[in-house]
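Spelled out from the first residue to the last, the chains are:
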Amino acid sequence: MRLDGLLSFPLTPFTADRADVAWPVLSDHLERQLAAGPTALFVACGTGELTALSAAEYERVVATAVAVTAGRVPVFAGVGGGPQVARENLAAARRAGADGALLLPPYLVESTPAGLVEHVRWVAGGGGLPVVVYQRANAVLDPAAAVALLDIDEVAGIKDGRGDVDAMLRIVTAIRHSGHRRAGGFQFLNGLPTAELSAAAYAAIGVAAYSSAVLTFVPDIATAFHAAVTAGDEATAGALLAAFYLPFAALRAQAPGYAVALVKAGARLSGQDVGGVRPPLTDPPPEHERQLAAIVEAGRAALAEVRRG
């Protein structure tokens, strides 16, 4: 399956006391995401607070996404932690009916690129689902390791969250010119926080598809920006970058964990009862929520202005 265009990374809503997943809210949130027209859903990943879910919650979140989606788009599930836990996640995702998985970095430990390849082989090999490897934090590939992933049939692509365009260009080039039978169909995704900021740069090196956390709370802005970038509409893309994305990224940088917590606050501002984040993440204070509301208002005003013009 091809993972092109705009990719949705839904939130996992929690009850007010955060003791359970808010299941009806999750279904509603997923329907809202589908209405925005993404090409795939990636549930229980970083934005979906994978590390905060119990094993039972995780499998039910994935199963809920599969049921709500009903085949309209592929459903990928996050898997992560240590190698054995990640392999158990993968088995649960397969039982729940997922179409694929996103392998997050291994828990805590650092290793070599060759060691990372063996971690991927341990988790994904024979797991029965296509797996996208998430490169970020302590999971760093070099060109040789990236090419080695082609020998693991279950590995379908690489999602980059490091932001080193030069290094990613070297990986893309190494794979595309490897001569491997799978090189042509291997996929590359832009997975940086607020990936819209780097969308044009990554598209220029052959990585056009990107994940959008913004889609979870202002889908009108997210889809308009994606359409503008795809069409080469620099006026619309520039207006949204200036009015919304750059101020949002600046606010997101105010505290660790805001790549999730601020997005969840945005969803609450949009009328979705998604609750707060589970620890160790912390919710934004009221001052930051007010700033976020103003940024959303400015983004929508800019979008209205370019549409009038």
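Since we're looking at a predicted model, the values are computed, not measured. (Residues numbered from 1 in each chain as written. Predicted model: local features only at pLDDT ≥ 70, side-chain atom pairs only at ≥ 80, totals over all residues. Heavy atoms only, no water.)

Asks: Is there a simple way to explain helix α3 (residues 83-96) in this structure?
Replies: Since the α-helix packs 3.6 residues into each turn, any two residues three or four apart lie on the same face. Spanning 14 residues, α3 covers 20 Å between terminal C-alpha atoms, matching the ideal 20 Å at 1.5 Å per step. Those residues of α3 that sit buried are A86, N89, L90, A92, A93 and A96. Each buried residue of α3 lies within a common arc of 165 degrees when the element is viewed along its axis, so the set occupies one face. Across from the buried face of α3, at angles greater than 90 degrees, the exposed residues are E88 and R95. Positioned one or two residues after α3, G97 has a phi angle of 95 degrees, which is positive. (Helix = DSSP H or I, 4+ residues; strand = E, 2+ residues; numbered from the N terminus. Expected span 1.5 Å × (residues − 1). Buried < 20%, exposed > 50% of the residue type's maximum accessible area, 1.4 Å probe, protein only. Arc of directions from axis to C-beta.)

Asks: Teacher, can you tell me more about the UniProt feature "active site" (unreviewed entry) in the chain here?
Replies: Look at the UniProt record and you will see "active site" (unreviewed entry) annotated at Y134 and K159. These annotated residues cover 26 residues of sequence, and their C-alpha atoms all fall within 4.7 Å of one another, placing them together at a single site. In the annotation above, Y134 and K159 are the residues that line the largest pocket. Secondary-structure assignment places Y134 in strand β5 (residues 131-135). When its relative accessible area of 6% is taken as the criterion, Y134 is described as buried. Aside from chain neighbours lying at most four places away, what touches Y134 is L102, L103, L104, P105, A139, K159, D160, G161 and G191. (UniProt positions renumbered as here; feature names shortened; annotations may be inferred. 1 Å grid on protein atoms, 1.4 Å probe; cavity = no way out; pocket = protein on both sides within 12 Å on 5 of 7 lines; lining within 4 Å. Contact = heavy atoms within 4.5 Å.)

Asks: Got a minute to help me understand helix α1 (residues 23-35) in this structure?
Replies: Between its first and last C-alpha, α1 extends 19 Å over 13 residues, near the 18 Å set by a 1.5 Å rise per residue. Within the sequence span of α1, burial applies to W23, V25, L26, H29, L30, Q33 and L34. Those residues of α1 that are buried are in contact with β1 (6-8), β2 (40-43) and α2 (55-69). Positive backbone phi, approximately 80 degrees, marks G37, located one or two places after α1.

Asks: In this structure, what is going on with the UniProt feature "binding site: pyruvate" (unreviewed entry) in the chain? I would like to understand it.
Replies: With numbering aligned to this structure, UniProt lists the feature "binding site: pyruvate" (unreviewed entry) at T47. With respect to the helices and strands, T47 occurs in the loop between β2 and α2. Looking at T47, the relative accessible area reads 11%, which means it is buried.

Asks: It is not clear to me how the packing of aromatic side chains should be interpreted in this structure. Could you clarify?
Replies: Each aromatic ring pair is summarised here by two numbers: the centre-to-centre distance and the angle between the ring planes. Tallied over the entire structure, the rule returns 8 aromatic pairs. Taken together, a centroid distance of 4.6 Å and an interplanar angle of 10 degrees make the contact between F9 and F42 stacked. Remark: F42 occurs in strand β2 and F9 occurs in the loop between β1 and α1; sequence separation between them is 33 residues. Where F186 meets F188, the ring centres are 5.6 Å apart and the plane angle is 65 degrees; that geometry is what we call edge-to-face. The pair formed by F186 and F188 is uniform in burial state, with each residue classed as buried. Taken together, the ring pairs in this structure connect F217, F225, F244, Y245 and F248 into an aromatic cluster. One cation-aromatic arrangement involves R87 over W122; the distance from NZ or CZ to the ring centre is 4.1 Å. Positioned above the aromatic ring of Y134 is the side chain of K159, whose terminal nitrogen or guanidinium carbon lies 4.2 Å from the ring centre. (Phe/Tyr/Trp six-rings, centres within 6.5 Å; stacked < 30°, edge-to-face > 60°. Lys NZ or Arg CZ within 6 Å of the ring centre and 35° of its normal.)

Asks: Would you take a moment to explain the side chain of R252 for this structure?
Replies: Along the chain, the position of R252 falls in helix α9 (residues 234-252). E196 provides the closest opposite charge to the buried, unpaired R252, separated from it by 7.6 Å. Within the local environment of R252, its side chain forms a polar contact with the side chain of T194, the two groups lying 2.4 Å apart. Setting aside its immediate chain neighbours within four residues, R252 contacts P193, T194, Y258, A259 and L262. (Lys, Arg positive; Asp, Glu negative; His and termini not counted. Salt bridge = Lys/Arg side-chain N within 4 Å of Asp/Glu carboxyl O. Polar contact = N/O pair within 3.5 Å; in protein donor to acceptor, adjacent residues only side chain to side chain.)

Asks: Explain the packing of helix α8 (residues 219-231) against α9 to me, please; I cannot follow it from the model alone.
Replies: Packed helices, taken two at a time, are described by the angle between their axes plus the distance between the axes. Viewed as axis vectors pointing N to C, α8 and α9 meet at an angle of 145 degrees, and their least axial separation amounts to 8 Å. Between α8 and α9 lies a crossing of left-handed hand. Taking contact as the criterion, the partners of I221, A222, A224, F225, A228 and V229 in α8 are, on α9, T236, A237, L240, L241, F244 and Y245. Across the contact of α8 with α9, the residue classes tally to 11 nonpolar, 1 polar and no charged. (Axes fitted to C-alpha atoms, helices over the stretch in contact; angles between N-to-C directions. Left-handed = near helix turned anticlockwise from the far one by under 90°. Nonpolar A, V, L, I, M, F, W, Y, C, P; charged D, E, K, R; others polar.)

Asks: Please clarify how the sheet that holds strand β6 (residues 155-160) should be interpreted in this entry.
Replies: Within a sheet, each strand pairs with its neighbour through backbone hydrogen bonds, oriented either parallel or antiparallel. Read around the closed barrel, the 8 strands follow the order β1-β2-β3-β4-β5-β6-β7-β8; overall the barrel is parallel. Within this sheet the neighbouring strands show an average axis-to-axis angle of 30 degrees, counted without direction. In this structure, strand β7 (residues 187-190) lies alongside strand β8 (residues 209-212), joined through 2 bridges in parallel fashion. Counterpart to N190 in the pairing with β8 is Y210. Of the strands in this sheet, β3 (75-81), β4 (100-106), β5 and β6 are in contact with helix α4 (residues 113-124), which crosses β4 at around 140 degrees. (Pairing = 2+ DSSP bridges.)

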